[in-house]
Amino acid sequence: MKEISSDGDVSTVDVIFPASPFFLYFSTDLLKKLIYPILRYANNETTVTYDYVYAPHHLGTWPIAYILSQDQENMPIEETGNLLMMIAGIAMKEGNVNFVYPHYWPLMQQWADYLITALPDPGNQLCTDDFEGPIPHDANLAVKGIVALDCFAFMNQILGNSTGAKYYSEVAQNFATRWIKLANPDQMNHYRLRYDEPGFSLKYNLLFQKILGLKTFPQTVFDQEVDYYINSRKQPFGVPLDNRHLYTKLDWESWIAAISSNKSQFDFFINSVYAFADQTPNRVPLSDWYDASNARQQGFQARTVVGGIYAKMVMPSS
């Protein structure tokens, strides 16, 4: 998969990830075909030696899938979490972990163990919203790593490894308990963008907890967040990505819609996305990055990440 309108990277993990609901709904085989080259690269089955304990960001620049480790745009928790969550999603849909077991199971274990060392405070890492630069102590990025650990526990459960499932699930839930205090030290009605200062962000990384039916974070986290977005942060065309700007992302709003607790909340986000697409003055192939106050395109167009609109379709109740 080539990045479109952002740059020319090949097989960018955090571009495949927001599109993954589309593939999980229509064809896990297609999603496996997108992930398989990344697994081969990370497992040193190519001519390049990949020497990081976390997952790679991409495989090269179109049309050549070749990149040295030191030339990666490293997003350690981001890409590691993305891959573990997507692979767990495939396991859920197919009822087995045959895609990665036994050949890539040591790699899955390595990635999960890396997340344990990097959480619950992500430090100063890049996340997929890299157009904003690194976010120190990023609460949403921490959610990704924590949910991904529980996803690995889920895969262990499918495999029949109850010991591994119990261990990784307990670690994830312990981190989640600590996250609640770190991300809301003042006990406000929402959780922060970053641990060390007031703010907010869309916690779209909670989605895979709901897709897999996990219990990582309590329902109160979901309820507080979505209520706050709608009651305190809404704009004419949706909710900003975080407190620093008025722009938002169509894919992440669709993910928030999917984890909403009721139809009125779901309708708010989907109707906002529809209103943007209908009223934006920038008549281009659908953009995923726009200003929530005026529906103007901020950047990007015709990207596969719009597959995130299908998030609701892969929820257990759908």
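Provided above is the structure to which this section pertains.
The written sequence of each chain sets the order in which its residues are numbered from 1. Where local features are concerned, this predicted model is filtered to residues with pLDDT of at least 70; where side-chain atom pairs are given and counted, the filter is 80 or more; whole-chain, interface and lining totals use all residues. Only hydrogens and water are set aside when side-chain values are computed; all heavy atoms of the structure are taken into account.

Before going further, it helps to spend a moment on the packing of helix α2 (residues 28-42) against helix α3 (residues 76-94). Relative to each other, α2 and α3 sit at 145 degrees, their axes nearing to 11 Å. Both α2 and α3 take part in a crossing whose hand is left-handed. When α2 is examined against α3, the residues Thr28, Asp29, Leu31, Lys32, Ile35, Ile38 and Leu39 are found in contact with a partner set consisting of Leu83, Met86, Ile87, Ile90, Lys93 and Glu94. Three classes are used: nonpolar for Ala, Val, Leu, Ile, Met, Phe, Trp, Tyr, Cys and Pro, charged for Asp, Glu, Lys and Arg, and polar for all others, with Gly counted as polar. Broken down by class, the residue content of the contact of α2 with α3 amounts to 8 nonpolar, 1 polar and 4 charged. Each axis is a line fitted through C-alpha atoms, taken for helices only over the stretch in contact, and angles between the N-to-C directions span 0 to 180 degrees. To qualify as a helix, a DSSP run of H or I must reach at least 4 residues; to qualify as a strand, a run of E must reach at least 2; elements of each kind are numbered from the N terminus. Rotating anticlockwise by less than a right angle from the far helix to the near helix defines a left-handed crossing, while the corresponding clockwise rotation defines a right-handed one. Should any heavy atoms of two residues lie within 4.5 Å, those residues are counted as being in contact.

Note on pairing: DSSP must find at least two bridges between two strands before they are called paired. Spatially, the 3 strands line up as an open sheet ordered β1-β2-β3, and their pairing is antiparallel. In this open sheet, the two strands that pair with only one neighbour each are β1 (247-249) and β3 (297-299). Pairwise comparison of adjacent strand axes, ignoring direction, gives a mean angle of 40 degrees for this sheet. Of the pairings in the sheet, the one linking strand β2 (residues 289-291) to β3 comprises 2 bridges and is antiparallel in character. Residue pairing for β3: tyrosine 290 is matched across the bridge by glutamine 297. In the packing of helix α9 (residues 250-259) onto the sheet, contacts are made with β1 and β2, and the angle to β1 comes to roughly 65 degrees.

Time to look at a nonpolar patch on the surface. Exposure above 30% relative accessible area and the lack of any salt bridge qualify a residue for a patch; like charges then connect within 9 Å, and the nonpolar side chains Val, Leu, Ile, Met, Phe, Trp and Tyr within 5 Å. Under the convention used here, a 1.4 Å probe and the Shrake-Rupley method define accessible areas, while residue burial counts only the protein chains that appear. Salt bridges are identified by distance alone: a Lys or Arg side-chain nitrogen within 4 Å of an Asp or Glu carboxyl oxygen. The grouping of Tyr25, Phe26 and Met313 at the surface amounts to a nonpolar patch, some 290 Å² of accessible area in total. Given a relative accessible area of 37%, methionine 313 falls into the partly exposed group. When accessible area is computed with a 1.4 Å probe and restricted to protein chains, residues below 20% of their type maximum are described as buried, those above 50% as exposed, and intermediate ones as partly exposed.

Let us now look at α9. Most of α9 sits out of view: 10 of its 10 residues are buried. Listed as buried for α9 are Leu250, Asp251, Trp252, Glu253, Ser254, Trp255, Ile256, Ala257, Ala258 and Ile259. Residues of α9 that are buried sit in contact with α1 (13-26), α7 (207-212), α8 (219-232), β1, α10 (263-279) and β2.

This brings us to the side chain of threonine 248. With respect to the secondary-structure elements, threonine 248 resides in strand β1. By relative accessible area, threonine 248 is classed as buried at 0%. Excluding residues that lie within four positions of it along the chain, threonine 248 makes contacts with Leu202, Val239, Pro240, Leu241, Glu253, Asp288, Trp289, Tyr290 and Ala292.

Structurally, glutamate 225 can be placed in helix α8. In terms of polar contacts, glutamate 225 uses its side chain to reach the side chain of tyrosine 229, at 2.6 Å. Beyond its immediate chain neighbours, meaning those up to four positions away, glutamate 225 contacts His190, Tyr191, Ser201 and Lys203. Whenever a nitrogen or oxygen atom comes within 3.5 Å of another N or O atom, the pair is scored as a polar contact, on the condition that within protein one atom can donate a hydrogen and the other can accept it, and that pairs from neighbouring residues in sequence are kept only if both atoms are in side chains.

Turning to the nonpolar core, a few remarks are in order. Within the largest apolar cluster, 96 residues are counted, with the highest numbers of intra-cluster contacts made by Leu39, Met108, Leu149, Trp179, Phe208 and Phe217. At 13 residues, the largest contribution of residues to this core is made by helix α5 (residues 139-159). If near-sequence neighbours (up to four positions away) are discounted, leucine 39 is found in contact with Ile87, Phe99, Val100, Tyr104, Leu107, Met108 and Trp111. Listed in part, the 7 residues of the second largest apolar core include Phe237, Leu250, Tyr290 and Ala295. Only buried residues count toward a nonpolar core, which is a set of Ala, Val, Leu, Ile, Met, Phe, Trp, Tyr and Cys residues joined through side-chain atoms within 4.5 Å.

To continue, consider the packing of aromatic side chains. Each Phe, Tyr or Trp ring, with Trp reduced to its six-membered ring, pairs with another whose centre is within 6.5 Å; inter-plane angles below 30 degrees give stacked pairs, above 60 give edge-to-face pairs, and intermediate values give tilted ones. Considering all chains together, one arrives at 29 aromatic pairs under this definition. Ring geometry for tyrosine 36 and tyrosine 104: centres 6.4 Å apart, planes at 80 degrees, overall edge-to-face. One end of the pair, tyrosine 36, is in helix α2; the other, tyrosine 104, is in the loop between α3 and α4 (105-118), and 68 residues separate them in sequence. Among the residues examined, tyrosine 104 registers a relative accessible area of 3% and is labelled buried. An aromatic cluster of three or more residues is present, and its members are Phe17, Tyr204, Phe208, Trp252 and Trp255. Note on criteria: charge over ring means Lys NZ or Arg CZ within 6 Å of the ring centre, with the direction from the centre no more than 35 degrees off the ring normal. Note that lysine 210 overlies the ring of phenylalanine 222, its terminal NZ or CZ placed 4.6 Å from the centroid. Sitting above the plane of the phenylalanine 266 ring, lysine 312 keeps its charged end 5.5 Å from the centroid.

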